[in-house]
Amino acid sequence: MFARPNSHHSQIAYVTNDLAAAMARLTAEYGTPGFFEMSNIQPGEDPAGKPVLKIALALVGGVEVELIEPVGDTAPLFSDVLPGGDDLAIRFHHIASRIDGPIANWDAHVASLDLAAHPVMFEGAIGDMLRYIYTDERATLGHYVEHVWMSPDLLAQMRGIVPAYPPLESPS
């Protein structure tokens, strides 16, 4: 699963019950360089029947740190690991492996997975810009694995807006 052409570990992700407090904690206690915030629901999009997630991203030492706050009861895949109560909770959720190159590399990657042994629990796409699936690896690894592909344009755009430490060098 990990050793695949054009694939590399790119992210570690946590879920939280309070995105703002989690960002503050990671910045204060772990030196995270700030976060880029977004939601998986686009402005004007009807969220009915979809998992609603608030997301924050930072890049630390070349690995993306993702914080995810599931909104309400719309995303049990993300909220199930959170304890009840009002105290801040930050829990490990998944690692991500990014597939680089053209979308054909994504198609080859997904085709190489044994989805009977590694079932897809969540998936999505944004046009020809983004593809992702989450496979359930909890029985063996204790967590999910996200497989993600971004178009080169989207990847470049994300590298320009996600805070990074050390700062990314601008292309000459």
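That block above? That's the structure.
Residues numbered from 1 in each chain as written. Predicted model: local features only at pLDDT ≥ 70, side-chain atom pairs only at ≥ 80, totals over all residues. Heavy atoms only, no water.

(A) Examining unusual backbone geometry more closely. Note the cis peptide between Tyr165 and Pro166, where omega equals -10°. Phi is positive for Asn6, which is not a glycine, with a value near 65°. The residue Asn6 is located in the segment before β1 (7-16) in this model. (Helix = DSSP H or I, 4+ residues; strand = E, 2+ residues; numbered from the N terminus.)

(B) Quick look at the environment of Ile90. Position of Ile90 relative to the elements: it lies in strand β5 (residues 90-99). Spatially, the C-alpha atom of Ile90 lies 32 Å from that of Pro5, the residues being 85 residues apart in sequence. Leaving out residues up to four positions away in the same chain, Ile90 has contacts with Tyr14, Val15, Thr16, Ala22, Arg25, Leu26 and Leu67. (Contact = heavy atoms within 4.5 Å.)

(C) A look at the pattern of salt bridges. Using the criterion set out here, one finds six salt bridges in the structure. Linking Glu69 and Lys54 is a salt bridge whose minimum nitrogen-to-oxygen distance equals 3.5 Å. With Glu69 in strand β4 (residues 63-70) and Lys54 in strand β3 (residues 53-60), this pair connects stretches of sequence that are 15 residues apart. Residue Glu69 is classed as buried on the basis of its relative accessible area, which comes to 13%. One salt bridge in this structure joins Arg98 and Asp100, with 2.9 Å as the shortest N-O distance. Residue Asp100 is classed as partly exposed on the basis of its relative accessible area of 26%. (Salt bridge = Lys/Arg side-chain N within 4 Å of Asp/Glu carboxyl O. Buried < 20%, exposed > 50% of the residue type's maximum accessible area, 1.4 Å probe, protein only.)

(D) Geometry of helix α4 (residues 152-161). For α4, the full list of buried residues reads Leu154, Leu155 and Met158. Down the axis of α4, the buried side of the element spans an arc of 100°, and every buried residue falls inside it. Turned more than 90 degrees away from the buried face of α4, the exposed residues are Pro152, Asp153 and Gly160. Taken together, the buried residues of α4 touch β2 (36-39), β3, β5, β7 (130-137) and β8 (143-150). (Arc of directions from axis to C-beta.)

(E) Region of interest: the environment of Ala89. In this fold, Ala89 is placed in the loop between α2 (76-79) and β5. For the pair Ala89 and Tyr14, spaced 75 residues apart in sequence, the C-alpha to C-alpha distance is 9.7 Å. Look past the residues within four positions of Ala89 in its chain and what remains in contact with it is Val15, Thr16, Asn17, Leu82 and Pro83.

(F) Summary view of helix α1 (residues 19-30). The first and last C-alpha atoms of α1 sit 16 Å apart over 12 residues, in line with the 16 Å expected at 1.5 Å per residue. When α1 is considered as a whole, its buried residues turn out to be Leu19, Ala22, Met23 and Leu26. Down the axis of α1, the smallest arc covering the buried residues is 100°, so these residues share one side. Those residues of α1 that are exposed and angled more than 90 degrees off the buried face are Ala20, Ala28 and Glu29. The elements touched by buried residues of α1 are β1, β2, β3, β4 and β5. The backbone nitrogen of Ala20 has a side-chain oxygen 3.3 Å away, supplied by the residue at the start of α1, namely Asp18. (Expected span 1.5 Å × (residues − 1). Polar contact = N/O pair within 3.5 Å; in protein donor to acceptor, adjacent residues only side chain to side chain.)

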